[in-house]
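One-letter residues, chain by chain:
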Amino acid sequence: MNMEEIYSQIILDHSRNQANKHDLADPDITEPGHNPSCGDEIVIQLKMDGDVIKEAAFTGEGCAISQAATSVMCDMIVGKTKEEAKELADIYIRMIKREDVSDEELEKLGDAVAFINIQNMPQRVKCALLSWKTLDQVV
């Protein structure tokens, strides 16, 4: 299996997996995100312990790319401080926008690097960015 197939499998698994798609009980942070160009809508919910994200979940509807990107993001930010989550969001957004990202930064993205080829599909870029831009607004 080549890297592109592995990346595609990660995206498919997360778009089908509903583990991160639910309401949190008493979230500390709730932030809606909307992509007017395609209608994707999400609400990110975070449970905090001081500056550390203890739980992350989302609700909403959208295409497989937006749902998978949000699910991967939720997995990645749990246990991170707000500052660490903001750094991950910055790296991810720059990766999708084809801006300069080092190999070291890409390693920090873990499974989120699976979305690197979205940059070659301009009509899907906003879908892949929705959750990360929404997160960037609240951390």
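Relevant structure appears above.
We now turn to the structure provided with this report. (Residues numbered from 1 in each chain as written. Predicted model: local features only at pLDDT ≥ 70, side-chain atom pairs only at ≥ 80, totals over all residues. Heavy atoms only, no water.)

## Quick look at the packing of helix H2 (residues 64-77) against helix H5 (residues 125-138)
Packed helices, taken two at a time, are described by the angle their axes make and the gap between the axes. Taken N-terminus to C-terminus, the directions of H2 and H5 make an angle of 35°; their axes are 7 Å apart at the nearest point. The two elements H2 and H5 cross, and the hand of that crossing is right-handed. In this structure, H2 contributes Ile65, Ser66, Ala69, Thr70, Met73, Met76 and Ile77 to the contact, and H5 contributes Cys127, Ala128, Ser131, Trp132 and Leu135. Along the lines of polarity and charge, the residues of the contact of H2 with H5 split into nine nonpolar, three polar and no charged. (Axes fitted to C-alpha atoms, helices over the stretch in contact; angles between N-to-C directions. Helix = DSSP H or I, 4+ residues; strand = E, 2+ residues; numbered from the N terminus. Left-handed = near helix turned anticlockwise from the far one by under 90°. Contact = heavy atoms within 4.5 Å. Nonpolar A, V, L, I, M, F, W, Y, C, P; charged D, E, K, R; others polar.)

## Quick word on unusual backbone geometry
Backbone geometry places Asp26, a non-glycine residue, at a positive phi of 50°. Note that Asp26 resides in the loop between helix H1 (3-16) and strand E1 (29-35). One non-glycine residue with positive phi stands out, namely Arg98, at about 60°. Mapped onto the elements, Arg98 comes out in the loop between helix H3 (82-96) and helix H4 (103-108).

## Comments concerning the sheet that holds strand E2 (residues 40-49)
Sheet strands associate in pairs through backbone hydrogen bonding, adopting either a parallel or an antiparallel arrangement. Strand order in the open sheet made by the three strands is E1-E2-E3, with antiparallel pairing throughout. Either end of the sheet is taken by a strand with one partner, and the two such strands are E1 and strand E3 (52-61). Recorded for the sheet is a direction-independent mean angle of 20° between the axes of neighbouring strands. Here E1 runs beside E2; their pairing, made up of seven bridges, is antiparallel. Note that in E2 the partner of Gly33 across the bridge is Ile42. Each of E2 and E3 is contacted by H2, which is oriented at about 170° to E3, the strand it contacts most. (Pairing = 2+ DSSP bridges.)

## Digging into the packing of aromatic side chains
Summed over the entire model, instances satisfying the criterion amount to two aromatic pairs. Between the aromatic rings of Tyr92 and Phe115, the centroid separation amounts to 6.2 Å while the plane-to-plane angle is 70°, which identifies the pairing as edge-to-face. Residue Tyr92 is found in helix H3, and its partner Phe115 is found in the loop between H4 and H5; the two are separated by 23 residues along the sequence. A residue is classified by how much of its surface remains accessible, and Phe115, at 0% relative accessible area, is buried. Both rings, one in Tyr92 and one in Trp132, keep their centres 4.5 Å apart while their planes meet at 20°; by these two values the pair is stacked. You can see Tyr92 sitting in helix H3 and its partner Trp132 sitting in helix H5, a full 40 residues away along the chain. Side by side, Tyr92 and Trp132 carry an identical accessibility label, which is buried. (Phe/Tyr/Trp six-rings, centres within 6.5 Å; stacked < 30°, edge-to-face > 60°. Buried < 20%, exposed > 50% of the residue type's maximum accessible area, 1.4 Å probe, protein only.)

## Regarding the state of the cysteines
The tally for this structure, following the rule as stated, stands at zero disulfides. Left unpaired, Cys74 is separated from the closest cysteine sulfur, that of Cys63, by 15 Å. Cys127 forms no disulfide, and the closest cysteine sulfur to it belongs to Cys63, at a distance of 3.6 Å. (Disulfide = S-S within 2.5 Å.)

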